[in-house]
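Here is how the chains run, residue by residue.
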There are 4 protein chains.
Amino acid sequence: MARSIHVTVWNEFRHETTNPDVRKVYPRGIHQAIADALMVEGDLEAGTATLDQPQHGLPPEVLEATDVLIWWGHKAHDEVSDDVVDRVRERVLDGMGLIVLHSGHFSKIFISLMGTRCSLKWREAGEREELWNITPSHPIARGIGERIELPRTEMYGERFDIPTPDQIVFLSSFAGGEVFRSGCTFWRGAGKVFYFRPGHETYPIYHDKQIQQVLRNAVRWAKPSV
Amino acid sequence: MARSIHVTVWNEFRHETTNPDVRKVYPRGIHQAIADALMVEGDLEAGTATLDQPQHGLPPEVLEATDVLIWWGHKAHDEVSDDVVDRVRERVLDGMGLIVLHSGHFSKIFISLMGTRCSLKWREAGEREELWNITPSHPIARGIGERIELPRTEMYGERFDIPTPDQIVFLSSFAGGEVFRSGCTFWRGAGKVFYFRPGHETYPIYHDKQIQQVLRNAVRWAKPSV
Amino acid sequence: MARSIHVTVWNEFRHETTNPDVRKVYPRGIHQAIADALMVEGDLEAGTATLDQPQHGLPPEVLEATDVLIWWGHKAHDEVSDDVVDRVRERVLDGMGLIVLHSGHFSKIFISLMGTRCSLKWREAGEREELWNITPSHPIARGIGERIELPRTEMYGERFDIPTPDQIVFLSSFAGGEVFRSGCTFWRGAGKVFYFRPGHETYPIYHDKQIQQVLRNAVRWAKPSV
Amino acid sequence: MARSIHVTVWNEFRHETTNPDVRKVYPRGIHQAIADALMVEGDLEAGTATLDQPQHGLPPEVLEATDVLIWWGHKAHDEVSDDVVDRVRERVLDGMGLIVLHSGHFSKIFISLMGTRCSLKWREAGEREELWNITPSHPIARGIGERIELPRTEMYGERFDIPTPDQIVFLSSFAGGEVFRSGCTFWRGAGKVFYFRPGHETYPIYHDKQIQQVLRNAVRWAKPSV
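Residues numbered from 1 in each chain as written. Chains lettered and ligands numbered in written order. Predicted model: local features only at pLDDT ≥ 70, side-chain atom pairs only at ≥ 80, totals over all residues. Heavy atoms only, no water.

**Student:** Any chance you could explain the interface of chain A and chain B here in plain terms?
**Tutor:** How big an interface is tends to be expressed through the accessible area that disappears when the partners come together. Counting residues at the interface gives 20 residues for chain A, matched by 20 residues for chain B. Summed over both partners, the interface of chain A with chain B comes to about 1600 Å²; 62% of that surface belongs to carbon and sulfur atoms. Looking only at chain A, the three residues that lose the most surface to chain B are A:Trp132, A:Ile134 and A:Val179, adding up to 31% of its buried area. Between chain A and chain B we count two salt bridges in total. With its nearest N and O atoms 3.2 Å apart, the salt bridge here joins A:Glu146 to B:Lys121. Inspection of the region where chain A meets chain B yields eight residue pairs in polar contact (both at pLDDT 80 or more). Elements supplying a minimum of two residues to the side of chain A that touches chain B: β5 (121-133), β7 (167-174) and β8 (179-188) of chain A. Among the elements that make up the side of chain A that touches chain B, the one with the highest residue count is β5(A) (five residues). Of the residues in the side of chain A that touches chain B, the class split is seven nonpolar, five polar and eight charged. (Contact = heavy atoms within 4.5 Å. Buried area = accessible area lost by both parts, 1.4 Å probe. Salt bridge = Lys/Arg side-chain N within 4 Å of Asp/Glu carboxyl O. Polar contact = N/O pair within 3.5 Å; in protein donor to acceptor, adjacent residues only side chain to side chain. Helix = DSSP H or I, 4+ residues; strand = E, 2+ residues; numbered from the N terminus. Nonpolar A, V, L, I, M, F, W, Y, C, P; charged D, E, K, R; others polar.)

See the structure below:
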């Protein structure tokens with residue numbers, strides 16, 4: 001099968017290089033773990049790009065060849081150059097899919113596409129999260145049952161300051177009582193955006209089989225439709 | 001101040017007449033408790049109607065004079081006559097507001113306006129519910145803070161089989177880990193519909209000050225706009 | 001290529017049998033014209049069913065084997081038995097796709113899934129319609145440019161009394177000045193519903209290449225996602 | 001009656017000072033014409049602000065005292081300082097209502113809140129526009145009948161590159177055949193945004209009684225709800 005859907009997985013890649021605990025979970029970086037999970041399906045091709053590469057690994061020719069961009073960032077959002085953000089934004093509005101993960105809610109690219117603050121409540125307590133599948137017929141939920149249970153996660157709680165999503169696929173609860181719109185779609189320009197909450201640098205969320213399934217589903221959903 | 005917004009609170013009124021535990025919580029019926037809570041604001045007029053009255057207390061002239069109808073039913077949905085349901089539905093589509101409470105999710109009127117099964121998961125364990133206010137600028141959330149905490153409730157869990165709500169005002173979590181879209185608006189015809197989850201016959205939910213505030217807000221939001 | 005998506009095209013099939021003008025446009029019925037247009041793509045299998053067949057051609061085993069049901073009806077909505085409508089509705093809520101065409105807006109099945117009156121304005125003047133593609137990245141708009149122009153159509157005008165669609169794909173204008181939400185998606189239960197306005201018994205709308213393309217796209221979008 | 005809702009009408013105010021044709025239609029500027037139309041209702045207080053005032057007439061204390069900001073701009077969007085745009089945006093996200101008119105679709109403030117390009121088709125031919133009221137029960141449509149007819153307008157056509165609106169109140173058709181989502185609501189942060197298409201510097205749109213009614217309705221809808 002030809003690898004016909006081209007994904008670029010972008011990662012800040014700072015935690016992994018400075019924190020041994022993170023390196024233990026993601027020895028080759030979060031980006032590589034995600035890319036590997038995508039490549040399990042034979043028509044998905046996944047490259048990677050990171051903050052400290054020239055142009056953050058996202059020169060025009062890379063973006064041009066990308067069907068879906070996945071974005072993970074956390075502590076260096078401000079170091080992402082406005083030029084690259086503008087370029088990514090133009091590509092999304094022209095049709096490239098964008099999947100924003102976890103702490104990427106505060107990335108420049110997500111905020112610029114949402115128009116709101118994208119703020120939320122959070123607590124790092126390694127607590128249980130349950131992601132309830134409230135739109136089981138959505139392509140992003142394909143193969144996912146009633147819920148995904150993650151035994152230890154960082155809590156993200158409402159109010160999540162986003163525009164009304166086009167669709168909500170997953171709603172989370174946390175052991176501490178909070179709720180969160182954890183899987184949301186947003187159509188922007190000709191591009192489709194999916195925000196997916198799970199993921200953290202020290203909890204092995206991206207090794208979870210169901211989370212990986214959601215990521216693959218989201219890539220298929222977000223790819224340009226023409 | 002003239003009582004210019006006319007509300008009719010409809011109640012099945014069976015639990016209260018047969019179960020002493022329920023009567024202890026709602027001596028004059030759930031309908032009267034809600035009506036009393038509404039009348040606290042000087043421009044709200046609240047009458048009541050119950051299943052065992054002729055035409056279930058909803059003859060044409062009552063509906064015609066009603067700006068907002070509140071509906072509580074549970075174990076006798078099937079005893080509501082199709083004629084009355086049709087009449088209520090016509091009035092909603094013509095502009096009357098409708099607030100459906102708790103187990104009213106399975107009422108004929110709600111199902112007929114939603115077009116789906118309106119099914120959900122449930123568990124009666126007297127567990128804690130937290131209703132998170134995810135649209136604080138919505139008129140229905142006026143005066144409500146970040147969340148409402150109810151110490152003992154019946155659990156309702158997703159997937160709640162409803163059409164995509166026009167807006168979600170409250171999202172609940174339960175001690176057992178479930179989540180629920182607890183406050184949802186639906187525009188149908190010229191009428192506005194609000195589904196509000198809290199309420200149960202043995203937990204004193206409708207005596208809660210914040211729940212009462214939401215009900216009053218919802219009445220104002222749902223009244224015909226012309 | 002295996003014909004792996006199974007479509008059933010349902011047609012009232014009364015105009016064609018009684019009106020020579022209609023028969024001239026659709027000699028084998030609207031259902032057959034649509035089925036032929038679908039079969040152009042090798043993985044689409046299209047059967048047909050009509051009102052005057054036993055059980056309207058929709059016994060349980062046919063529905064069970066149907067991924068997407070297309071519905072055309074006009075002057076005999078009332079002759080469709082409530083039992084068959086209930087059966088179709090259950091299948092939709094269980095995941096079968098449903099595409100409702102033109103005057104099908106007043107079919108029992110569409111009204112029961114929408115919960116509103118589904119009324120609209122209309123005028124039969126053979127006037128020009130332009131369908132503007134307002135969501136070009138939607139799978140249903142694949143291959144469709146900025147707009148579809150139909151030189152002679154029956155006018156349908158707002159207000160169309162439907163719930164807020166999940167997405168609007170096409171908006172129409174008519175020579176007389178009216179507008180209409182002509183391509184709307186609705187997620188109901190586990191099923192996806194698409195309402196598509198074009199179509200009439202005497203104008204050769206279903207022979208239009210672009211209209212046929214939209215129908216094929218809609219079938220792919222509406223098919224069960226699992 | 002106390003003037004309890006405070007509106008600021010912002011206008012670029014360049015056409016009126018340089019073009020006699022515009023001055024003839026709006027001798028004291030578009031902002032003053034709109035402010036006058038608002039003040040007809042006794043509880044609406046309307047001040048004005050223009051581009052060439054210090055800080056564009058929008059220093060923090062003015063914004064702080066503003067419940068709803070109305071924005072009209074056309075040929076000098078780029079001259080609006082980013083600092084003022086940021087300040088307005090923060091106020092909107094904190095709850096101030098924002099009504100963006102006509103060519104304001106390309107203003108920095110609107111684009112920053114939408115996250116998309118907000119582009120559209122246009123043609124200046126003085127042609128007829130009909131605005132159809134598709135959500136007659138919406139507060140913004142109060143007192144408006146089936147449609148508003150404007151005999152001579154500039155055409156704006158789809159595709160309008162905006163996120164899915166929370167609600168669409170008006171849909172326009174133009175004599176040339178185009179359609180447009182002319183009245184759209186967007187909830188952003190704690191603020192409510194209404195985009196309203198009609199308006200032009202040489203057609204006397206803001207002297208139209210129904211357009212003025214929509215503006216007053218929109219102010220009431222957009223004001224902070226708490």
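Still more to cover.
**Student:** What's the story with the interface of chain B and chain C in this structure? I'm lost.
**Tutor:** Contact with chain B, which involves 20 residues of that partner, is made by 20 residues of chain C. Of the roughly 1400 Å² buried between chain B and chain C on both sides combined, carbon and sulfur atoms contribute 34%. On the chain B side of the interface with chain C, the three residues burying the most area are B:Gly115, B:Arg117 and B:Gly189, jointly 35% of the side's total. Inspection of the region where chain B meets chain C yields four salt bridges. Across the pair B:Arg117 and C:Glu90 runs a salt bridge, and its minimum N-O distance is 2.7 Å. The tally of links between chain B and chain C comes to twelve residue pairs in polar contact (both at pLDDT 80 or more). Of all the secondary structure elements, the ones that give two or more residues to the side of chain B that touches chain C are α5 (82-93), α6 (108-114) and β8 (179-188) of chain B. Here the side of chain B that touches chain C is built from residues that sort into seven nonpolar, five polar and eight charged.

**Student:** Sorry if this is basic, but what is going on with the relation of the copies chain B and chain C here?
**Tutor:** The second copy of the chain is related to the first by a rotation about an axis and a shift along the axis. Between chain B and chain C, the superposition needs a rotation of 180 degrees and an axial shift of 0.0 Å, giving an RMSD of 0.0 Å. Overall, the copies show the geometry of a two-fold rotation axis. When C-alpha distances to the rotation axis are compared across chain B, the minimum falls at B:Gly115, with a value of 2.6 Å. Comparing interface residues between copies, 100% of those in chain B also sit at the interface in chain C, which points to an isologous, same-surface contact. (Least-squares fit on C-alpha atoms with pLDDT ≥ 70 in both.)

**Student:** Teacher, can you tell me more about the relation of the copies chain A and chain B here?
**Tutor:** Between the two copies, chain A and chain B, the superposition gives an RMSD of 0.0 Å; the rotation angle is 180 degrees and the shift along the axis is 0.0 Å. A symmetric contact is evident, with 100% of the interface residues of chain A recurring at the interface of chain B.

**Student:** Honestly, the sheet that holds strand β4 (residues 97-101) of chain B in this entry has me stumped. Any pointers?
**Tutor:** Residue and element names in this part refer to chain B. The strand order across the open sheet built from nine strands is β2-β1-β3-β4-β9-β8-β7-β5-β6, with neighbouring strands paired in mixed fashion. Here the strands that pair on one side only, and so sit at the sheet edges, are β2 (44-50) and β6 (147-157). Across the sheet, the axes of successive neighbouring strands diverge by a mean angle of 25 degrees, strand direction being ignored. Where strand β3 (residues 68-72) meets β4, four bridges bridge the pair, whose relative direction is parallel. Residue pairing in the sheet places Trp-71 in a bridge with Val-100 of β4. (Pairing = 2+ DSSP bridges. Axes fitted to C-alpha atoms, helices over the stretch in contact; angles between N-to-C directions.)

**Student:** Explain the side chain of B:His102 here, please?
**Tutor:** Residue and element names in this part refer to chain B. Mapping His-102 onto the fold places it in the loop between β4 and α6. In terms of polar contacts, His-102 uses its side chain to reach the backbone carbonyl oxygen of Gly-199, at 2.4 Å. Apart from the residues within four sequence positions on either side, His-102 is in contact with Trp-72, Glu-154, Tyr-156, Tyr-195, Phe-196, Arg-197, Pro-198, Gly-199, His-200 and Tyr-206.

**Student:** Teacher, can you tell me more about the confidence of the model for chain A here?
**Tutor:** In regions of low pLDDT, the predicted coordinates are not meant to be interpreted in detail. Here chain A shows a mean pLDDT of 97. Residues at 70 or above account for 99%. Reported confidence for the predicted complex is 0.96 by ipTM and 0.98 by pTM. (pLDDT = per-residue confidence, 0-100.)

**Student:** Which parts of the structure should I look at to understand the packing of aromatic side chains?
**Tutor:** Ring pairs (aromatic) are described by centroid distance and by the angle formed between their planes. For the structure on display, the rule yields 40 aromatic pairs over all chains. Plain terms: the ring middles of A:Trp10 and A:Trp71 are 3.9 Å apart, the flat faces sit at 10 degrees to each other, and that makes the pair stacked. Pair noted here: A:Trp10 is in strand β1 (residues 5-11) and A:Trp71 is in strand β3 (residues 68-72), with a separation of 61 residues, a long-range link. Here A:Trp10 matches A:Trp71 in class, with each residue buried. Here C:Phe160 and C:Phe180 contribute two aromatic rings whose centre-to-centre distance is 4.7 Å and whose plane-to-plane angle is 25 degrees, an arrangement assigned as stacked. Residue C:Phe160 is found in the loop between β6 (147-157) and β7 (167-174), and its partner C:Phe180 is found in strand β8 (residues 179-188); the two are separated by 20 residues along the sequence. In this structure, C:Phe160 and C:Phe180 share a single accessibility class: buried. An aromatic cluster is built from A:Phe110, A:Tyr156, A:Phe160, A:Phe180, A:Phe186 and A:Tyr195, whose rings are joined through pairwise contacts. Between the NZ or CZ atom of D:Arg197 and the centre of the ring of D:Tyr156, over which it lies, the distance is 4.9 Å. (Phe/Tyr/Trp six-rings, centres within 6.5 Å; stacked < 30°, edge-to-face > 60°. Buried < 20%, exposed > 50% of the residue type's maximum accessible area, 1.4 Å probe, protein only. Lys NZ or Arg CZ within 6 Å of the ring centre and 35° of its normal.)

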